[in-house]
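Structural overview
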There are 2 protein chains.
Amino acid sequence: MAKITEDIVKAKSAALILAALDSETKDSALRAMAKALDDNRHRILVANAKDVESSVKAGLSDALIKRLKVTDEKITGMIDGILDVVKLSDPVGETMSTVKLDKGLTLYQIKCPIGMLGVIFESRPDVVPQILSLCLKSGNGVAFKGGSEAANSNRILFDLLTKAAIAEGVPKDAFVLMETRDDISEILSLDQYIDLLIPRGSNAFVQYIQNNTKIPVLGHAAGICHIYVDDDADIDLAVRTTLDSKIQYPAVCNAVETLLVNSNIAEEFLPKMCAEFVKNGVEVRLDADAKVYVSKTLPTTKATAKDWDSEYNDLIISIKVVKDIAEAIDFINIHGSHHTDAIMTENKKKQAVFVKNVDSADVFINASTRFADGYRFGKGAEVGISTNKIHSRGPVGMEGLMIYKYVLIGNGQVVKDYVGNDARQFLHEQINKKYDL
Amino acid sequence: MAKITEDIVKAKSAALILAALDSETKDSALRAMAKALDDNRHRILVANAKDVESSVKAGLSDALIKRLKVTDEKITGMIDGILDVVKLSDPVGETMSTVKLDKGLTLYQIKCPIGMLGVIFESRPDVVPQILSLCLKSGNGVAFKGGSEAANSNRILFDLLTKAAIAEGVPKDAFVLMETRDDISEILSLDQYIDLLIPRGSNAFVQYIQNNTKIPVLGHAAGICHIYVDDDADIDLAVRTTLDSKIQYPAVCNAVETLLVNSNIAEEFLPKMCAEFVKNGVEVRLDADAKVYVSKTLPTTKATAKDWDSEYNDLIISIKVVKDIAEAIDFINIHGSHHTDAIMTENKKKQAVFVKNVDSADVFINASTRFADGYRFGKGAEVGISTNKIHSRGPVGMEGLMIYKYVLIGNGQVVKDYVGNDARQFLHEQINKKYDL
C-alpha cells in the first residue's frame, strides 16, 4: 500500500472523530492555529524564501513569483482568515427541518460534514491555512495538495497548523499533506475513502481528474461566459458592464469570452463597444454580421467557428450578432460552459425569460460577470466554483462541504402498527423544533 | 448514433424548455395524464394481461406476478398518485436565499430542475406514472426504464401519459422510454447529456451502474442495517422494535441484518430476543459471546466473519456481543452500508454520541429501522434511498431532483468599483425578499 493510501485510510477514520468534535474544541484549535502562525513568522518566511529562490532560478514569471512570495503582511492575512473562520457559526448539527411523524416520533434533518475531502489547489501558500481552517470548522478530514513550487512553504504551514490543532484535541490523522503528482494519481482510485474531490487549476488538469476517478468532483473545467446585449438594453450600461466583464481581470473563469448582440441594437451599440475594447487593448473578433457595423478603421479580426467554444482567459473577445433572445439563449446553452452568463436589458419580461432558460450556475442581469465569486457573493472563503448539476452550483463556500443525516427519535414505535386495516396514521407535521440532543 | 442516444440528445434540449414551463401548464398536463389513464383503463388492462401471461409461462414467482398485475384498483391508485403531485407546490423558481450585495445589486438563489435524468426501476408498472409525474412537476426530462417483464404495460402507460402531457404543451421529446438492456449500456456513456442516474434493483445491478458510468448515481448498493442494544435500553422496547426491524418486511434494504448487544445487558436481553426471533421463524446466527447467553434448546447457528458483511434480505439475523457503545459505533461504521442504523437506549448522552458518530444516512433512536422510507418520512413519492455523501442522503423525494442557480440583478454595477483604494464596500445583507421576475 502506498504511503499516501495508508495516510488516507487513517484520515478517513480520524475524520469520523473530527465530525463529532464539539464547537469549543474546534474554535480553540483554530485560535491555536492562528497563534502558531504568528509565533513562527520567521520560520515561514525562511521556508518560503527557499521556494522563491528556486522558482526564480527555474525562470517562473514575475506574476507567479509574486503570488508565491509570502510577506509578513500576507501572514497577517492568513491569521485574520483563520480568525474569521472562528467567527462563522458551526454548521454541524444545525437543524434543517423537523417533522413530527406521530406523537413521540420526531424526524430531524441535521447538517453533518461530508467526511473526507481531497483538495488539490495548484496555488499560492495562503490556501493552506484557508482550507485547513474551513475543513476543521466544518468537521471534514482533508488530503491537501498545493502548488509544487510552494513545497517548502506548504510543508511548514501545514506542520505548524496541524501541530497546533492536534494539541487542542483535533484527531491527529485527519489532515494529510500530499506532496507529489504521484500522490494525486494514487488518491484518484480511493473512492472508498474520499467522498469529494475539489481540484483547482488548468482546464486540462481538472478534466484529467474528472476523467480518471469515480469520486465526485466539485469544480469546473471551463469558464466560457457570455453576455447578451438585448435590443432593450441601456447602451451605456451595456458597454460599461461588458467592458468590466472582459478587462477587469481577463485571466479568470468568470471573465466574458463571447458577446452576443441583438441585430436591432447592433448599429448603435457595436461601434461604441468595439471602440472601448480597442482602446483597452482587447482583440476584437467579429462574425460577418457584426463586421458590418464596425468601422473598417478599427483594428478587428474575424471570428471563426472555433472562437465560439474558446475560453481565452486573455484580452480577446468574440462577437456575434443574433436575431433575438431565443437565438442568444440557444447559443449560450450550446456553446457556454454553464458557468456565468449575463443579459443586458431593461425589459423585465426578457430578463425573466433569460433567467428561466439559461442553464447556468450564475445568471446575471445588468451586472458584470466578474461578480461570480464566493467573496463577492458574501460566502466568506470560497471553496470553488461548480458547474455540476448536483449538490453545489456556482460559487461554493463552507456550505458545499456539508451534507445531512436524518435522526429519528421515538419511544418504541414499530412499523407494524402503521400498516394494515387498523393502521395508525402518520401526522407528517412540519414543526419548528431544533434537534437538541 | 444509436436510436436511444438520438432520443436522449433531443430530450436534453426539450428538458431545457420543460425547465422553464409555468406551473399552470404543468398542472393541467398532470390532470390530463390522470384523465388519460381513467379513459383508457381497458387498454391498460389488456396490455398488462399480455405481460402477465408471458410471465406465468416463463414461470415467474407468484409474488412477482402479483406485483406485475395491474387491476382496476391499481389504476385508480396511479390516478390518485398523479393528482397528489398536482397538489405539491411547484419547486421551480422557489427562493432559497436572498443577499443584498449593495444598493440595487441583489443576489437570489433559486431552485431549478437538475435537467435530464436517467431512471432505471426494475419494477412494477405503477412506477411509470409516478416517475413521469414527479419529473414533469419538477421540470426534469427523463429517460425511463422499467422491468422487462412489464414491457407492454410500461409502453401503453408511457404512451398514454406522454400523449396527454404533450397535448397540454409539454415539450414532446422530454420523456424517453428505454426498452432494452442495451439501451441502459448505451446511456451510461452519455454523461454529456444525462445529469443524474437513479437506478433501483439488485445490489449487483446498482453496483454495475456505479462502476460503469461517469454520470452521478443516486442510490445505494446495499442496506446492511444495524441495531445496537445498549445496557441502558428498555428491554421490552428493544425486543419489540428489533423484531419489527427484522420481520415486518425482511426483503427490503431497511430491514435490520446485524444486532449488536452490550455485554452488560446480554444475559437479560438475549434469551427474550432470541426466543421471539425463533418463534417468528427467524434464523439466529450467534457469535461465540452471544451463544453463552442463549439456551442450547433454542435452535441457533454460528455467525462467521462473513455474516458481518452480509445483507440477507431474509428472515436471518446475526448477533454479536460488544463491550460498549464505542465498539458498536466502530463496528457499524466499518461493516454497515451507511444506510440506517439504530440505537436502543434510554440514556440521552449515549443517544447523542450515537447520532454524532454513526456515519449513516438515517440514525434512529428507539424506533424500528423500517421507518427509513420516503412515504413514512412524509416526502410523498420516494425517488430512492441514497447512501451518497453529496447532494441527497437517506430517503429522497422530489427535492432530490432539484438544484439551484444564482440570479444577480443589478443596474450596471462593475467589479472595478469594488476593488482598489476607494473600493465600494459590499453590504452582504441577508434579506427576506423573494425572487419575483
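Residues numbered from 1 in each chain as written. Chains lettered and ligands numbered in written order. Predicted model: local features only at pLDDT ≥ 70, side-chain atom pairs only at ≥ 80, totals over all residues.

Re the overall build of chain A
Keep this limit in mind: Put simply, DSSP marks the helices as runs of H or I at least four residues long and the strands as runs of E at least two long, and each gets a number from the N terminus on. With C-beta atoms placed from the backbone, the exposure class of a residue follows from how many other C-beta atoms lie within 10 Å of its own: 20 or more, buried; 12 or fewer, exposed; in between, partly exposed. Whether two residues are in contact depends on their C-beta atoms, placed from the backbone: they are in contact if these lie within 7 Å.
The helix and strand inventory of chain A stands at 14 helices and 17 strands. Projected onto its principal axes, the C-alpha positions of chain A cover 80 × 75 × 40 Å. Counting over 437 residues, chain A shows a buried share of 52%. Long-range pairs, those at least 24 residues apart, make up 72% of the contacts in chain A between residues at least 6 apart in sequence.

Structural notes on the interface of chain B and chain A
To keep it simple, the criterion reads: Polarity classes work like this: nonpolar for Ala, Val, Leu, Ile, Met, Phe, Trp, Tyr, Cys and Pro, charged for Asp, Glu, Lys and Arg, and polar for all others, with Gly in that last group. Paired strands, in this sense, are two strands between which DSSP finds at least two bridges.
Across the boundary between the two partners, chain B contributes 60 residues, which contact 60 residues of chain A. Contributions of two or more residues to the side of chain B that touches chain A are made by β1 (95-102), β2 (105-113), α10 (235-247), α14 (348-357), β13 (362-367) and β16 (402-413) of chain B. The element best represented in the side of chain B that touches chain A is β16 of chain B, accounting for eleven residues. The residue inventory of the side of chain B that touches chain A, partitioned by class, reads 30 nonpolar, 17 polar and 13 charged. Where strand β16 (residues 402-413) of chain A meets β13 of chain B, five bridges bridge the pair, whose relative direction is parallel. Across the sheet, valine 407 of chain A pairs through a bridge with valine 363 of chain B, a residue of β13 of chain B.

Things to note about the relation of the copies chain B and chain A
Comparison of the two chain copies shows a relationship of rotation about an axis with a shift along it. Note the following rule: The fit set for superposing copies consists of C-alpha atoms from residues with pLDDT of at least 70 in both; the fit itself is least squares.
Mapping chain B onto chain A calls for a rotation angle of 180° and an axial translation of 0.0 Å; the resulting RMSD is 0.0 Å. Here the symmetry operator amounts to a two-fold rotation axis. Among all C-alpha atoms of chain B, that of histidine 391 of chain B lies closest to the rotation axis, at 1.9 Å. Most of the interface of chain B is mirrored in chain A: 100% of its interface residues are interface residues there too.

A closer look at helix α11 (residues 263-279) of chain B
Residue and element names in this part refer to chain B. Here is the rule: By this rule, a helix spans an expected 1.5 Å times one less than how many residues it contains. Bend, in this description, refers to the angle at a residue between axes fitted to the seven residues ending there and the seven starting there.
Helix length check: α11, at 17 residues, gives a terminal C-alpha distance of 24 Å against a target of 24 Å (1.5 Å per residue), a fit within 8%. Of all the bends found along α11, the most pronounced is centred on phenylalanine 269 and spans about 50°, while proline 271, a proline, follows it within four residues. Inspection of α11 places Ile265, Ala266, Phe269, Leu270, Met273, Cys274 and Phe277 among the buried residues, and these make up the whole buried set. Among the structural elements, β7 (225-229), α10, β8 (256-262), β9 (283-286), α12 (288-291) and β11 (316-322) are those in contact with the buried residues of α11. Looking one or two places after α11, you find glycine 281, whose phi comes out positive at around 75°.

What to know about the pairing of strand β2 (residues 105-113) of chain A
Residues and elements named next belong to chain A. With seven of nine residues buried, β2 lies mostly within the body of the structure. Bridge count for strand β1 (residues 95-102) against β2 is six bridges, and the pairing is antiparallel. Looking at β2, one finds that threonine 98 is bridged to tyrosine 108. Here β1 folds back onto β2 in antiparallel fashion, the turn holding two residues, of which glycine 104 has a positive phi close to 75°. Both β2 and β16 contribute to a ladder of eight bridges, which runs antiparallel. By the bridge assignment, glutamine 109 is partnered in β16 with tyrosine 406.

What to know about the packing of helix α3 (residues 41-57) of chain A against helix α7 (residues 151-167) of chain A
All names here are of chain A. As a reminder, the rule being used: Only C-alpha atoms enter the line fits that serve as axes; for helices the fit covers just the stretch in contact. Angles between N-to-C directions range over 0 to 180 degrees. Should an angle fall under 35 degrees it is called roughly parallel, over 145 degrees roughly antiparallel, and 65 to 115 degrees roughly perpendicular, with every other angle called oblique.
The interhelical angle for the contact between α3 and α7, taken along N-to-C directions, is 160°, at an axis separation of 7 Å. Classified by the angle between their axes, α3 and α7 sit roughly antiparallel to one another. In this structure, α3 contributes Arg43, Ile44, Ala47, Asn48, Lys50 and Asp51 to the contact, and α7 contributes Ala151, Asn152, Ser153, Ile156 and Leu157. When the residues that make up the contact of α3 with α7 are grouped by side-chain class, the tally is five nonpolar, three polar and three charged.

Points about the sheet that holds strand β12 (residues 340-344) of chain A
Sheet strands associate in pairs through backbone hydrogen bonding, adopting either a parallel or an antiparallel arrangement. With mixed pairing, eleven strands are arranged side by side in an open sheet as β10(A)-β9(A)-β11(A)-β8(A)-β7(A)-β12(A)-β13(A)-β16(B)-β2(B)-β1(B)-β17(B). Bordering the open sheet on either side are β10 (301-302) of chain A together with β17 (429-430) of chain B, each of which pairs with just one other strand. Inspection of the sheet shows β12 of chain A paired to strand β13 (residues 362-367) of chain A by four bridges, in the parallel sense. Pairing of aspartate 341 of chain A across the sheet is with valine 363 of chain A, part of β13 of chain A. Against the sheet, helix α10 (residues 235-247) of chain A touches β7 (225-229), β8 (256-262), β11 (316-322), β12 and β13 of chain A together with β16 of chain B, its axis set at about 160° to β8 of chain A.

Brief notes about unusual backbone geometry
Residue and element names in this part refer to chain B. Even without being glycine, histidine 338 reaches a positive phi, approximately 60°. By the secondary structure assignment, histidine 338 is in the loop between α13 (325-335) and β12 (340-344). The backbone of histidine 428 sits at a positive phi, close to 50°, despite the residue not being glycine. When you line up the elements, histidine 428 lands in the loop between β16 and β17.

Notes on the domain arrangement of chain A
All names here are of chain A. As a reminder, the rule being used: Those domain boundaries reflect an automatic or database domain assignment.
According to the domain assignment, chain A consists of domain 1 (3-218 + 392-400) and domain 2 (225-378). Taken residue by residue, the interface counts six residues in domain 1 and seven residues in domain 2. Broken down by element, the residue count for the side of domain 1 that touches domain 2 peaks at three residues, all from strand β15 (residues 394-396). Here the side of domain 1 that touches domain 2 is composed, by residue class, of two nonpolar, three polar and one charged.

Re the pairing of strand β4 (residues 141-145) of chain B
All names here are of chain B. Defined as follows: If the strands point away from the viewer and the path from the first strand over the helix to the second runs clockwise, then the crossover is right-handed.
Where burial is concerned, most of β4 is hidden: five out of the five residues are buried. Of the two faces of β4, the one carrying Gly141, Ala143 and Lys145 and the one carrying Val142 and Phe144 are both buried. In the sheet, strand β3 (residues 116-121) pairs with β4 via five bridges, with the strands oriented parallel. Its bridge partner being in β4, leucine 117 is matched across the sheet by valine 142. Following the chain from β3 across helix α6 (residues 127-138) to the adjacent parallel β4, one finds a crossover that is right-handed. Of the strand pairs in this sheet, β4 and strand β5 (residues 175-178) are connected by four bridges, and their pairing is parallel. Bridge assignment links valine 142 to a residue of β5, and that residue is phenylalanine 175. Handedness of the crossover joining β4 and β5 through helix α7 (residues 151-167): right-handed.

Some points on the sheet that holds strand β17 (residues 429-430) of chain A
A sheet is described by the order of its strands in space; here eleven strands give the open sequence β17(A)-β1(A)-β2(A)-β16(A)-β13(B)-β12(B)-β7(B)-β8(B)-β11(B)-β9(B)-β10(B), paired in mixed fashion. The open sheet has two edge strands with one neighbour each: β17 of chain A together with β10 (301-302) of chain B. The strands touched by α11 of chain B within the sheet are β7, β8, β9 and β11 of chain B, with β8 of chain B carrying the most contacts at an inclination of about 145°.

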